[in-house]
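Coordinates in review
These are the residues of each chain, in order.
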Amino acid sequence: MRKQTRKTRTRKYKKKGGSNMEVRYNSFVVDNNKTTAKDTSYTPKIMLYPMKYSTFVMYDPDAVTPPAWLHYLVINIPNGDISKGDVIMPYVGPTPPPGTGPHRYIFEHLSQNSPFSVSVDERASFDINQFKQQNNLVSRAKKQFIVET
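An account of the accompanying structure is given in this report. The numbering scheme is per chain: residues are counted from 1 as the chain's sequence reads. In keeping with the predicted nature of the model, local features appear solely for residues at pLDDT of at least 70, side-chain atom pairs appear and are counted solely at 80 or more, and the whole-chain, interface and lining totals rest on all residues. Neither water nor hydrogens contribute to the side-chain values; these are computed over all heavy atoms in the structure.

**Considerations on the side chain of Gln 112**
To be explicit about the condition: Helix numbers and strand numbers start at the N terminus; a helix is a DSSP run of H or I with at least 4 residues, a strand a run of E with at least 2. Each residue's exposure class comes from its accessible area (1.4 Å probe, protein chains only) as a fraction of the maximum for that residue type: buried when under 20%, exposed when over 50%, partly exposed otherwise. Here a polar contact is taken to be a pair of N or O atoms separated by no more than 3.5 Å, where protein atoms must pair a possible hydrogen donor with a possible acceptor and residues adjacent in sequence count only if both atoms sit in side chains. Two residues qualify as a contact provided that any one of their heavy atoms is within 4.5 Å of a heavy atom in the partner residue.
Relative to the assigned elements, Gln 112 resides in the loop between strand E8 (103-111) and helix H2 (128-134). Under the relative-accessibility criterion, Gln 112 is labelled buried at 6%. A distance of 3.1 Å separates a polar atom in the side chain of Gln 112 from the backbone oxygen of Ser 114. If sequence neighbours within four positions are ignored, Gln 112 has contacts with Tyr 53, Ser 54, Thr 55, Ile 75, Asn 76, Asn 136 and Leu 137.

What follows is the structure, encoded as structure tokens:
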């Protein structure tokens, strides 16, 4: 059997009607699933549709510090290869405080026109809409999972 490259796998996934990304933990592929914080405590495998440059972000819009809590941010991803992007905030898995109800954890793949630099000093109070506007980013795909407390 012929070995598929990352690029051909991504193309086949896109042709089958998939979105611009796939986020996979050991036990599931992210697609509006309900799961536990333990099952998502490690960095997932991420397959992105190739674009000249893109950004990948994970955030919790239900955080107790609105508008969102930043869990992961990688910018300047060349051709969908997240391992070659600039990690601004390393992955931190979900830790919703007890008694705060269900929390959505959203992954977003954003296209960008050219490489840029940014400084994000803290995870709390992350405003995804402001971030996209300030850096001229356009959402291309969005996936989420839910952790109940």
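Now that the structure is up, let's keep going.
**Quick look at unusual backbone geometry**
In this chain, Pro 66 is followed by Pro 67 through a cis amide linkage whose omega measures 5°. By the element assignment, Pro 67 lies in the loop between strand E5 (53-60) and strand E6 (69-78). Here the phi dihedral of Asn 32 falls at roughly 65°; this positive angle occurs in a residue that is not glycine. If you trace the backbone, Asn 32 turns up in the loop between strand E2 (28-29) and strand E3 (33-35). Looking at Asn 32, the relative accessible area reads 48%, which means it is partly exposed.

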